[in-house]
Amino acid sequence: MAKVQYGIATYDRWTGTVDSEVKAPMDGCYGGFHEFFESAGEKGWELCGCFPSGTVGLNVAQPDGSRHKTTDPSEHITFIFKKV
């Protein structure tokens, strides 16, 4: 029986990037929304589910060193992937 691996990634609507979680990494998957999903599919990852995961009022650090206050839970969307 094949072992199932799970990966978690979060899309940040504000920056337009998707980042893999440290505890459930998706090595080799990178980039913006389209690029991330394309590289994930090429590496055998299948999308299982997603949910809004932004915390309203949270100040999130941005790549340019500024901070952005989350105003909508869907500013961050978490994706669950699996690979068999």
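Residues numbered from 1 in each chain as written. Predicted model: local features only at pLDDT ≥ 70, side-chain atom pairs only at ≥ 80, totals over all residues. Heavy atoms only, no water.

1. A word on helix H1 (residues 33–42)
Rule in force here: When a residue's accessible area, from a 1.4 Å probe over protein chains only, is under 20% of the maximum for its type it is buried; when over 50% it is exposed; and in between it is partly exposed. What counts as a helix is a DSSP run of H or I of at least four residues, what counts as a strand is a run of E of at least two, and both are numbered from the N terminus. Each direction from the helix axis to a C-beta atom contributes to the arc, which is the arc of those directions.
If you check which residues of H1 are buried, you get Phe36, Ser39 and Ala40. One side of H1 holds all its buried residues, which, seen down the axis, span an arc of 105°. Facing away from the buried side of H1 by more than 90 degrees, the exposed set consists of His34 and Glu42. The first or second residue beyond H1 is glycine 44, which carries a positive phi of 90°.

2. A word on the sheet that holds strand E2 (residues 17–20)
Two strands in a sheet stick together by hydrogen bonds in their backbones, pointing the same way (parallel) or opposite ways (antiparallel). We apply this condition: Pairs of strands are assigned from DSSP output, requiring at least two bridges between the strands. All axes here are fitted lines through C-alpha atoms, helices being fitted over the stretch that makes contact, and every angle between N-to-C directions spans 0 to 180 degrees.
Strand order across the open sheet formed by four strands is E2-E1-E6-E3, with antiparallel pairing between neighbours. Two strands bound the open sheet, and with one partner strand each, they are E2 and strand E3 (46–52). When strand polarity is set aside, the average angle formed by the axes of neighbouring strands in this sheet is 25°. With six bridges connecting them, E3 and strand E6 (residues 76–83) associate as antiparallel partners. Opposite cysteine 50, over in E6, you have phenylalanine 79 as the bridge partner.

3. A look at the nonpolar core
Heads up, the rule is: Residue types Ala, Val, Leu, Ile, Met, Phe, Trp, Tyr and Cys, when buried and joined through side-chain atoms within 4.5 Å, form a set referred to as a nonpolar core. Two residues form a contact once any of their heavy atoms are found within 4.5 Å.
Ala9, Tyr11, Val18, Met26, Cys29, Phe36, Ala40, Trp45, Phe79 and Phe81 form the largest nonpolar core, which has ten residues in total. Put simply, the parts of the chain that give this core at least two residues each are strand E1 (5–12), H1 and E6. Beyond its immediate stretch of four places on either side in the chain, phenylalanine 36 contacts Ala9, Val18, Met26, Cys29, Tyr30, Gly31 and Phe81.

4. A look at the packing of aromatic side chains
Convention followed: Geometry of aromatic contacts follows a simple scheme: Phe, Tyr and Trp rings, the Trp one being its six-membered ring, pair when their centres are within 6.5 Å, and the pair is stacked under 30 degrees between planes, edge-to-face over 60, tilted otherwise.
Per the counting criterion, the structure on display carries eight aromatic pairs. Consider the rings of phenylalanine 36 and phenylalanine 37, whose centres lie 6.2 Å apart with planes at 75°: the pair is edge-to-face. The rings of Tyr11, Phe33, Phe36, Phe37, Phe79 and Phe81 are connected pair by pair, giving a single aromatic cluster.

5. Some words on the confidence of the model for the chain
Operational definition: A score from 0 to 100, pLDDT tells how confident the predictor is in each residue.
Taken over all residues, the pLDDT of the chain has a mean of 89, while the share at 70 or more is 100%. Here strand E4 (residues 59–61) is the element of the chain with the lowest mean pLDDT, 83, and E3 is the one with the highest, 95.

6. Observations concerning the environment of tyrosine 6
In this fold, tyrosine 6 is placed in strand E1. Considering only alpha carbons, one finds tyrosine 6 and phenylalanine 37, 31 residues apart in sequence, at a separation of 15 Å.

7. Comments concerning the environment of alanine 61
Residue placement: alanine 61 occurs in strand E4. Taking the C-alpha atoms as reference, alanine 61 lies 22 Å from methionine 26; in sequence the two are 35 residues apart. Apart from the residues within four sequence positions on either side, alanine 61 is in contact with Ser66 and Arg67.

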